[in-house]
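# Notes for the structure review
For reference, the chains in residue letters:
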Amino acid sequence: MMFIDTHTHLYVPEFDSDRNDAVKRAIESGVSHFVLPAIDSSYTKAMHDLCDQFPDRMSLMIGLHPTHVGEDYEKELSHVETQLKTGHYVAVGEIGIDLYWDTTTLALQQKAFHLQIQWALEHDLPIVIHCRDAFKEVFQVLEEYKIESLRGVFHCFTGTEDDAHRALGHNMLLGIGGVVTFKNGKIDRFLSKIPLEKIILETDAPYLSPVPYRGKRNESAYLPLVAQKVCELYGVSMDSLARQTTTNAQNLFRLI
């Protein structure tokens, strides 16, 4: 049984005291590979350091997180563009629109989202979408690329059933994490209607810990708790789910 944590921020300060142990615990729990999403340029070195330490275990994304789109966004985007040219990355992410924390930067977030989608297409990479309180706005952007070969995933999907099917229509997978275990998470009500071939598993560590660790620091070792809930919803075995979601992740990020 082998899982891939398709979205984990193992490089952030929350893991400074036990990062190696956290990786070890995850491996022991059945997580064999980790995909690290970017936030902004201040984290790039830490991401590469972790990848250098575990070269067969880590894959990297590059991108500008929407909550970090500010006055210096052009400088940050230049960093993303330069990094993409190195060929070291498996995706452009996490990118998108977040209107939960700040609505005043919407225009800048939209511009950054568009540019990074265009770069993903140029480099034939998937995008990893951060969407919070912004499904309408994200879909408005995606509509402009519907005829192109854009692919990717809605990270930490929290939308409605209609949003889910609309995402699939844009060649996006759904990233399923700890929210599926929440009583008020809502996605558990319809997730089994989505083909297993269209979902991948993630933790978003150190955020969004699954039950029974909700409210505490999340880590990749908790991915099997997410998987167990998904198994219950679909009525499949852990081995079957691990095989399918691992294949989905390998295909999306071209990890094979």
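Residues numbered from 1 in each chain as written. Predicted model: local features only at pLDDT ≥ 70, side-chain atom pairs only at ≥ 80, totals over all residues. Heavy atoms only, no water.

### Section: the packing of aromatic side chains
Counting across every chain of the model gives eight aromatic pairs. With a centroid separation of 6.2 Å and an interplanar angle of 35°, the aromatic rings of F135 and F139 are classed as tilted. Here F135 and its partner F139 are both found in helix α5 (residues 135-143), four residues apart, which amounts to about one turn of the helix. Each of the two residues, F135 as well as F139, counts as buried. With centroids separated by 5.7 Å and ring planes inclined at 75°, the aromatic side chains of F135 and F157 adopt a geometry described as edge-to-face. Here F157 lies in the loop between β6 (152-154) and α6 (161-169) and F135 lies in helix α5, a separation of 22 residues in the sequence. Under the relative-accessibility criterion, F135 is labelled buried at 14%. (Phe/Tyr/Trp six-rings, centres within 6.5 Å; stacked < 30°, edge-to-face > 60°. Helix = DSSP H or I, 4+ residues; strand = E, 2+ residues; numbered from the N terminus. Buried < 20%, exposed > 50% of the residue type's maximum accessible area, 1.4 Å probe, protein only.)

### Comments concerning helix α8 (residues 238-253)
Residue pairs spaced three or four apart in an α-helix point in one direction, given the helix's 3.6 residues per turn. For α8, which comprises 16 residues, the first-to-last C-alpha distance of 22 Å matches the rise-based estimate of 22 Å (1.5 Å per residue) to within 8%. Residues M238, L241, A242, T245, T246, N248, A249, L252 and F253 constitute the buried set of α8. For α8, the arc enclosing every buried residue in end-on projection is 160°, short of the 170-degree limit, so these residues lie on one face. (Expected span 1.5 Å × (residues − 1). Arc of directions from axis to C-beta.)

### Overview of the pattern of salt bridges
A side chain with one charge can pair with a side chain of the opposite charge if their charged atoms come near. Under the counting rule described, the total for this entry stands at 10 salt bridges. Ionic pairing is found between E219 and R25, a salt bridge with its closest N-O pair at 2.8 Å. Pair noted here: E219 is in the loop between β8 (199-201) and α7 (223-234) and R25 is in helix α1 (residues 19-29), with a separation of 194 residues, a long-range link. Classification of E219 as buried rests on a relative accessible area of 6%. Given a relative accessible area of 31%, R25 falls into the partly exposed group. The network of salt bridges with common partners includes D18, R25, R217 and E219. (Salt bridge = Lys/Arg side-chain N within 4 Å of Asp/Glu carboxyl O.)

### Looking at the pairing of strand β7 (residues 172-176)
Burial analysis of β7 places five of its five residues in the buried class, the great majority of the element. In β7, alternate side chains face the same way, and those of M172, L174 and I176 on one face and L173 and G175 on the other are all buried. Where β6 and β7 come together, three bridges link them in parallel fashion. What sits directly across from F154, in β7, is L174. For the crossover that starts at β6, traverses α6 and ends in the parallel β7, the hand is right-handed. Here three bridges tie β7 to β8, and the two strands are oriented parallel to one another. Directly across from L174, in β8, lies its bridge partner I199. (Pairing = 2+ DSSP bridges. Right-handed = clockwise from strand over helix to strand, strands pointing away.)

### A look at the pairing of strand β4 (residues 89-98)
Across the 10 residues that make up β4, a large majority, 10, are buried. Judged from the three bridges that link them, strand β3 (residues 58-62) and β4 form a sheet pairing that is parallel. Looking at the pairing, L60 lines up with Y89 of β4. In this structure, β4 lies alongside strand β5 (residues 127-132), joined through six bridges in parallel fashion.

### Comments concerning the layout of surface pockets
Of the pockets and cavities examined, the largest pocket occupies roughly 730 Å³. Taken together, 26 residues make up the lining of the largest pocket; nearest its centre are D98, H130, R132, D204 and L208. Elements with a contribution of two residues or more to the lining of the largest pocket: β4 and β5. The element that contributes the greatest number of residues to the lining of the largest pocket is β5, accounting for three residues. Looking at the lining of the largest pocket residue by residue, the classes come out as 11 nonpolar, eight polar and seven charged. (1 Å grid on protein atoms, 1.4 Å probe; cavity = no way out; pocket = protein on both sides within 12 Å on 5 of 7 lines; lining within 4 Å. Points joined across faces, edges and corners; volume = space filled by probe spheres on them. Nonpolar A, V, L, I, M, F, W, Y, C, P; charged D, E, K, R; others polar.)

### A short note on the nonpolar core
Judged by nonpolar contacts, the single largest core of 77 residues is most densely connected at F113, I127, L142, F154, I176 and V230. Tallying contributions element by element places α7 first for this core, with six residues. When near neighbours in sequence (up to four residues on either side) are disregarded, I176 contacts I187, L191, I199, I200, L201, E202, V226 and V230. One finds V90, A91, A249 and F253 within the second-largest nonpolar core, a separate group that totals 12 residues. (Core = buried A, V, L, I, M, F, W, Y, C linked by side-chain atoms within 4.5 Å. Contact = heavy atoms within 4.5 Å.)

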